[in-house]
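As a plain string of letters, each chain reads:
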Amino acid sequence: MTEQIEDPVAGLVLAAGGGRRLGGRPKALLVHRGRPLVEHAVAALRAAGCTRVHVVLGAGAGTVRERAELTGCVLVDNPEWEEGMGSSLRAGLASLGPTAARAALVSLVDQPGVGAAAMSRVRAAWDGEDSLVAASYDGVRGHPVLFGSAHWAGVAASARGDRGARDYLRAHADGVTLVECGDVAEAHDIDTEADLGHLE
């Protein structure tokens, strides 16, 4: 019996947001097509080829664990989730450190319009631990983003507040491979009541 070799690109879902502008509803539990958003994000990463998926939880973490079907995922608690996306990115990358993963394909839970097709394209551009890859929409950088493991420490050091990896990516712009995904995905965020119209 041959040993299954784990995919070198791990999926990382940032799902800790508290939905402050949505009346304090955890974004992971917003319903889209009958299921919580966090389930859609996990399914898309798996469909893109990620056999290891880590999910960073924060707001309503206990409720998310109860209501969402996340079997097979590594659930990472971020007690500092109120500090913003940067803290979740740090927690997620730290959780991947002890694994065999050589890259993290990072997905945001509040972008249901970004599915497996976009994630597959970005993942396919991975070519080693030095990789920096991002989806683009009409030439504008967006999500998902792939960080080779050589960048994890630098990303974590610069990830503050709600800026996530924005500063790191800007500082390393010359090394970022952009993969156009505007034809297969819609990169809208679910941030406000008006955005709820994007959910089905």
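What this report covers is the structure whose coordinates are included nearby. (Residues numbered from 1 in each chain as written. Predicted model: local features only at pLDDT ≥ 70, side-chain atom pairs only at ≥ 80, totals over all residues. Heavy atoms only, no water.)

Right, let's get into helix H4 (residues 116–124). What H4 keeps buried is the set Ala118, Met119, Val122 and Arg123. Taken down its axis, H4 places every buried residue within 130 degrees of arc, on the same side. Structurally, H4 contributes buried residues whose contacts are with strand E1 (9–15), helix H1 (37–47), strand E6 (103–108), strand E7 (132–137), strand E8 (140–148) and strand E9 (177–180). (Buried < 20%, exposed > 50% of the residue type's maximum accessible area, 1.4 Å probe, protein only. Helix = DSSP H or I, 4+ residues; strand = E, 2+ residues; numbered from the N terminus. Arc of directions from axis to C-beta. Contact = heavy atoms within 4.5 Å.)

The subject of this paragraph is the packing of H1 against H4. Helices that pack against each other are described as a pair by the angle of their axes relative to one another and the distance between those axes. Contact geometry for H1 and H4: axes closest at 8 Å, N-to-C directions at 45 degrees. It follows that H1 is oblique to H4 by the angle criterion. In this structure, H1 crosses over H4, and the sense of that crossing is right-handed. Here Ala44, Leu45 and Ala47 of H1 come into contact with H4, specifically with Ala116, Met119 and Ser120. (Axes fitted to C-alpha atoms, helices over the stretch in contact; angles between N-to-C directions. Parallel < 35°, antiparallel > 145°, perpendicular 65-115°, else oblique. Left-handed = near helix turned anticlockwise from the far one by under 90°.)

This next bit is on the pattern of salt bridges. The full count for this structure, using the stated rule, is ten salt bridges. Among the salt bridges present, the one from Lys27 reaches Asp110, with a minimum N-O distance of 2.7 Å. Here Asp110 lies in the loop between E6 and H4 and Lys27 lies in the loop between E1 and strand E2 (31–32), a separation of 83 residues in the sequence. There is no split in this pair, since Lys27 and Asp110 are both buried. (Salt bridge = Lys/Arg side-chain N within 4 Å of Asp/Glu carboxyl O.)

A few words on the sheet that holds strand E5 (residues 74–77). Whenever strands of a sheet pair, they do so through backbone hydrogen bonds, lying parallel or antiparallel. Taken together, the seven strands give an open sheet; going across it, the order is E5-E4-E1-E6-E8-E7-E9, and neighbouring strands pair in mixed fashion. Lying at the two open borders of the sheet, with one neighbouring strand each, are E5 and E9. Geometrically, the sheet is characterised by an average inter-axis angle of 25 degrees between neighbouring strands, direction not taken into account. Pairing geometry for strand E4 (residues 53–57) and E5, over four bridges, is parallel. Each bridged residue has a counterpart across the sheet, and for His54 the counterpart in E5 is Val74. Contacts between H1 and the sheet are confined to E1, E4 and E6, with E1 contributing the most and set at about 165 degrees to the helix. Sheet strands in contact with H4 are E1, E6, E7, E8 and E9, and its direction is about 55 degrees off that of E8. (Pairing = 2+ DSSP bridges.)

To continue, consider empty space enclosed by the protein. Following the criterion strictly, the structure yields one cavity of 30 Å³ or more and no others. Of the volumes computed, that of the largest cavity is approximately 30 Å³. Residue lining of the largest cavity: Ser107, Leu108, Gln111, Val114, Met119, His143 and Pro144, and that is the complete set. Counting residues per element, the ones that place at least two in the lining of the largest cavity are E6 and E8. Here the lining of the largest cavity is built from residues that sort into four nonpolar, three polar and no charged. (1 Å grid on protein atoms, 1.4 Å probe; cavity = no way out; pocket = protein on both sides within 12 Å on 5 of 7 lines; lining within 4 Å. Points joined across faces, edges and corners; volume = space filled by probe spheres on them. Nonpolar A, V, L, I, M, F, W, Y, C, P; charged D, E, K, R; others polar.)

The next subject is unusual backbone geometry. Of note, the bond from His143 into Pro144 is cis; its omega dihedral lies within 30 degrees of zero at 5 degrees. Checked against the element boundaries, Pro144 lands in strand E8. Positive phi outside glycine occurs at Arg33, with the angle close to 55 degrees. The residue Arg33 is located in the loop between E2 and strand E3 (35–36) in this model. Residue Asp138 is not a glycine yet carries a positive backbone phi of 55 degrees.

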